[in-house]
Amino acid sequence: MLKLFTSSASRVQHLTPAIRVGSSPVESPLFKALSQITGWNRRSASLGHRAFFCSEPTDGEAAAEVEAKAVESDSEGSDSKSSSAIVSTNPRPEDCLTVLALPVPHRPLFPGFYMPIYVKDPKVLAALQESRRRQAPYAGAFLLKDDPSADSSSSTDAEKNINELKGKDLLNRLHEVGTLAQISSIQGDQVILVGHRRLRITEMVSEEPLTVKVDHLKDNPFDMDDDVIKATSFEVISTLRDVLKTSSLWRDHVQTYTQHIGDFTYPRLADFGAAICGANRHQAQEVLEELDVHKRLRLTLELMKKEMEISKIQETIAKAIEEKISGEQRRYLLNEQLKAIKKELGVETDDKSALSAKFKERIEPNKEKIPAHVLQVIEEELTKLQLLEASSSEFNVTRNYLDWLTVLPWGNYSDENFDVVGAQKILDEDHYGLSDVKERILEFIAVGRLRGTSQGKIICLSGPPGVGKTSIGRSIARALNRKFFRFSVGGLADVAEIKGHRRTYVGAMPGKMVQCLKSVGTANPLVLIDEIDKLGRGHAGDPASALLELLDPEQNANFLDHYLDVTIDLSKVLFVCTANVIDMIPNPLLDRMEVISIAGYITDEKVHIARDYLEKTARGDCGVKPEQVEVSDAALLSLIENYCREAGVRNLQKQIEKIYRKIALKLVREGAVPEEPPVAIDPEEAEIVADVGESPENHTVEENPVSSAEEPKEVAQTEKIAIEKVMIDESNLADYVGKPVFHAEKLYEQTPVGVVMGLAWTSMGGSTLYIETTVVEEGEGKGGLNITGQLGDVMKESAQIAHTVARKIMLEKEPENQFFANSKLHLHVPAGATPKDGPSAGCTMITSLLSLATKKPVRKDLAMTGEVTLTGRILPIGGVKEKTIAARRSQIKTIIFPEANRRDFDELAENVKEGLDVHFVDDYGKIFELAFGYDKQED
């Protein structure tokens, strides 16, 4: 029968192939077959027979006594280092009616099996040691009803919970049926138990340590010749045999079990199968409690079948993984062999040699241009690369570093264009106006031509959105024949984006400038740094401070990137920065840049831009031909003044594109569904019919066939419908772009008393606004001033200054007039939803107050701007061009500017100044004469 368990019978020793019933051995057919298979006989077994006290209780107790004595006599003459772990004891196991109760946490202990447990209670441990010294080394092992580790976060917590249980609490947690266990050894707090026979707790004797009375359980009587029991046992053996083929661990279990428990009987076979299978604690306890041998065998068989299925699944998984691993290993070996063969043939070198050759090939053409310190670093890194293993992380870091060092354009410069006339032509092709920017670029080209070489500059273009700051940068690069690279720093909060990361970081990369040089391939590109006024600042540093080195002509010749860790010459790079408001740029950074202001476009300039640039681009993008549409000048002018009043032309471009999209839709609809579609035979179909030789009689002909002569006429009619010209004028403009967004800023045809038009600057360009003043209440001593219009602190102070200056002027002009002393006034600046601030409204507020005091309206075509002091002096203001454009848009002919702004006005283009009567003043007295003295001049 053992042959069914394992193919190696020599590994199992001291197995008695007999089942003892009573005092005489009875040969079992099952084990007789086992004896025949294994070749063991009674003689060979008797030579190595050894009896143990792990037997189940039988009716032949005398035989057990004989066996015990035999063991004692055998152990006296044997070596002290016997392989048996069962200690001979004087008292018999069946004499143990009172035992210590030891809790087993996870699985029950079956007879014939070892189990190590840990005893933390000193009293229990002392009692076990005392029992072992008294030659009565027995205790009861009982399974806990619930697994403590299921409710605990770790096994340590589970053991702690078991150790805390005492007396009745512990007894209530234990199963009644357990195993009488022999104490094999005690080492520290570890106790090795060997199961003997089944026990049942009857009552508790003492609580600490827990001692209980037990009954020794015997198996129910059964017929050993019963065919059902035999068949069940054979099926268990067959299942064990199948499992043993896949697991060497189970074969070791068989050897150990037969050495220490003796012969395999039906009950022991059931216990063995249940003990070694992977059943859960409750199923194993159910087998332990079952005293009916047939039922126990059936329970064991079920558990073994489940274990067999698990073994099959495990084998399938192991086979799949093994196939995958072996396939990868085979592929790896083949690749290595292929590499070795190629290397021997000289077809391919190894990775490190190929990389080194590639890097050397990169630097060889420009080796003389590469700085000496950079060349030295490259040589050192190449040497380091050869010494590193390809699988190490340092190898990849060095390879990437060399890749960046060798790919940069050291000393490579593009051939610049020093043709001023050609550059002027290119700039005019792309942009209308922007004379300041174009003049500066032409100066740059002229200086370069005279010197024979050009140096890098830092130019900052400031202006409202949509005026062409970014697009002019691309045109400048084309005019100079330089490579163009743009990156935006709006919201940038990490210094590493500018200066790069240290190579020690995972995923480190160089900064934007190094990436720029790699992208363009030259050392003198034009770099456009967009939105420089919107730099962020975060925990990773201040990017504005990092830009100081980049944009400083004295420092960028030795710019140090943290990743490369070698200096780079950026002195030939032309930097063009863009900003909406230069006030947001830090002063140290602004000091390094040459600022060119782009104020915006007047109406005439917008009309030219729309005609020459925007309309052509939109027409081409929409696929509309020039002969299919015509937009009148009046429509363009209305579009600019009523829909696109901002300083830039971005919104104007959107509106023109919207018009052409609607025109395209209209043309497609009219061309796809003509009023009278022609009905004719396709000429190609007619040719096919003629080719196959079919006669006209074989075809169905309509009553009114279309002749070939009429065919071109109908096609021409269709084309005429498709190319019918669409006219866009002021009358139908609203059908394409909707209702007007803006209305005339000039609210009054005749300016009323207390109302004066002022000029303001905004980020969208210039704007006109009215300042209104009215009387709230009159009475002696009730003088005062209320201010509304969402004004900032500066404008509120300007209003108070204006009130004081106006009272002073009235006291000088009309001493008897007590208007300001006896009138409570209200000053308002519409519109109330728009925040307003700035010092340039002082003279306008004074004029509004004096108009109300003198009850005289100001000139209807007059607008003014300027800051006023308490003594009446007019201080300079900003945004002269924007304010002048706003005045022209509102059809204002007379403008008052501070005297200090005369130079700014003189620099404006002639088309901006044309038709304007501008007065420059340095004292408010002149404004008073201009605003209120017009009636005397007319008289």
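Residues numbered from 1 in each chain as written. Predicted model: local features only at pLDDT ≥ 70, side-chain atom pairs only at ≥ 80, totals over all residues. Heavy atoms only, no water.

J.: For this particular structure, what's the right way to read helix α5 (residues 122-133)?
T.: Think of an α-helix as 3.6 residues a turn; residues three or four steps apart then line up on the same face. In this model, α5 (12 residues) spans 16 Å end to end at C-alpha, consistent with the 16 Å of a helix rising 1.5 Å per residue. Of all the residues in α5, the buried ones are V124, L125, L128 and S131. Along α5, the residues classed as buried sweep out an arc of 125 degrees about the axis, all on the same side. Along α5, exposed side chains directed more than 90 degrees from the buried face belong to P122 and R133. Tucked inside the fold, the buried residues of α5 contact β3 (98-104), β5 (138-143), β6 (177-187) and β7 (190-206). With a side-chain oxygen lying 3.2 Å from the backbone nitrogen of K123, the N-terminal cap of α5 falls on D121. Remark: Q135 follows α5 within two positions and exhibits a positive phi of approximately 60 degrees. (Helix = DSSP H or I, 4+ residues; strand = E, 2+ residues; numbered from the N terminus. Expected span 1.5 Å × (residues − 1). Buried < 20%, exposed > 50% of the residue type's maximum accessible area, 1.4 Å probe, protein only. Arc of directions from axis to C-beta. Contact = heavy atoms within 4.5 Å. Polar contact = N/O pair within 3.5 Å; in protein donor to acceptor, adjacent residues only side chain to side chain.)

J.: Sorry, what's going on with the confidence of the model for the protein chain here?
T.: Should the pLDDT be low somewhere, the predicted coordinates at that spot are not to be read in detail. Residues of the protein chain with pLDDT of at least 70 account for 79%, and the chain-wide mean is 77. Note that pLDDT drops below 50 for residues 1-88; the model gives that stretch 139 contacts with residues more than four away or on any other chain. Every residue in residues 672-722 is under pLDDT 50, and counting partners more than four places away or in other chains gives 21 contacts. (pLDDT = per-residue confidence, 0-100.)

J.: Before we go on, may I ask you to explain the UniProt feature "active site" (unreviewed entry) in the protein chain in this structure?
T.: The feature "active site" (unreviewed entry), as annotated in UniProt, sits at S840 and K883 in this numbering. In terms of the greatest pairwise C-alpha distance, the residues named above, spread along 44 residues, form a tight cluster of at most 11.2 Å across. Residue class for S840 comes out buried when judged on its relative accessible area of 17%. Here G878 takes part through its backbone oxygen, which lies 3.5 Å from a polar atom of the side chain of K883. (UniProt positions renumbered as here; feature names shortened; annotations may be inferred.)

J.: Help me understand the nonpolar core in this model?
T.: Across soluble globular proteins, nonpolar side chains have a tendency to be buried as a group. Core analysis: the largest hydrophobic core is formed by 56 residues, its most contacted members being I529, I532, L550, L551, L564 and M593. Per-element tally for this core: the top contributor is helix α14 (residues 372-387), with 6 residues. Those residues in contact with L564 that sit more than four places away from it in its chain are Y401, W404, L405, L408, R503 and V514. (Core = buried A, V, L, I, M, F, W, Y, C linked by side-chain atoms within 4.5 Å.)

J.: For this particular structure, what's the right way to read the UniProt feature "binding site: ATP" (unreviewed entry) in the protein chain?
T.: Under the local residue numbering, the UniProt record ascribes the feature "binding site: ATP" (unreviewed entry) to G463, P464, P465, G466, V467, G468, K469 and T470. Considering the arrangement of structural elements, one finds P464 in the loop between β9 (458-462) and α18 (469-480). Overall, P464 belongs to the buried group, its relative accessible area being 5%. Judged by relative accessible area, which is 17%, G468 ranks as buried.

J.: Got a minute to help me understand the pairing of β6 in this structure?
T.: The two faces of a sheet get side chains in turn, since along a regular strand they alternate between them. Of all 11 residues making up β6, 9 are buried, and the element is well covered by its neighbours. Relative to β6, β5 is paired through 4 bridges, and the arrangement is antiparallel. Paired with A141 across the bridge in β6 is T179. Note that β6 and β7 share 10 bridges and pair antiparallel. Among the inter-strand pairings, L180 is bridged to a residue of β7, identified as R197. Joining the antiparallel neighbours β6 and β7 is a turn of 2 residues, in which G188 adopts a positive phi near 70 degrees. (Pairing = 2+ DSSP bridges.)

J.: Would you mind going over the environment of T884 with me for this structure?
T.: Position of T884 among the secondary structure elements: in helix α32 (residues 880-889). Taking the C-alpha atoms as reference, T884 lies 7.5 Å from V912; in sequence the two are 28 residues apart. A polar contact of 2.7 Å, which involves the side chain of T884, links it to the backbone oxygen of V880.

J.: Which parts of the structure should I look at to understand the sheet that holds strand β10 (residues 484-488)?
T.: The strands that make up a sheet pair up through hydrogen bonds in the backbone, lying either parallel or antiparallel. Taking strand neighbours across the sheet as the criterion, the 5 strands line up as β10-β11-β14-β9-β15 in an open arrangement whose pairing is parallel. The sheet is open, and its two borders are formed by β10 and β15 (594-597), each paired with just one other strand. Each neighbouring strand pair of the sheet contributes to a mean axis angle of 20 degrees, computed without reference to strand direction. In this structure, strand β11 (residues 526-530) lies alongside strand β14 (residues 574-579), joined through 4 bridges in parallel fashion. In the strand pairing of β14, V527 is matched with F575. Those strands touched by α18 are β9, β10, β11 and β14, and its axis lies near 175 degrees from that of β11. (Axes fitted to C-alpha atoms, helices over the stretch in contact; angles between N-to-C directions.)

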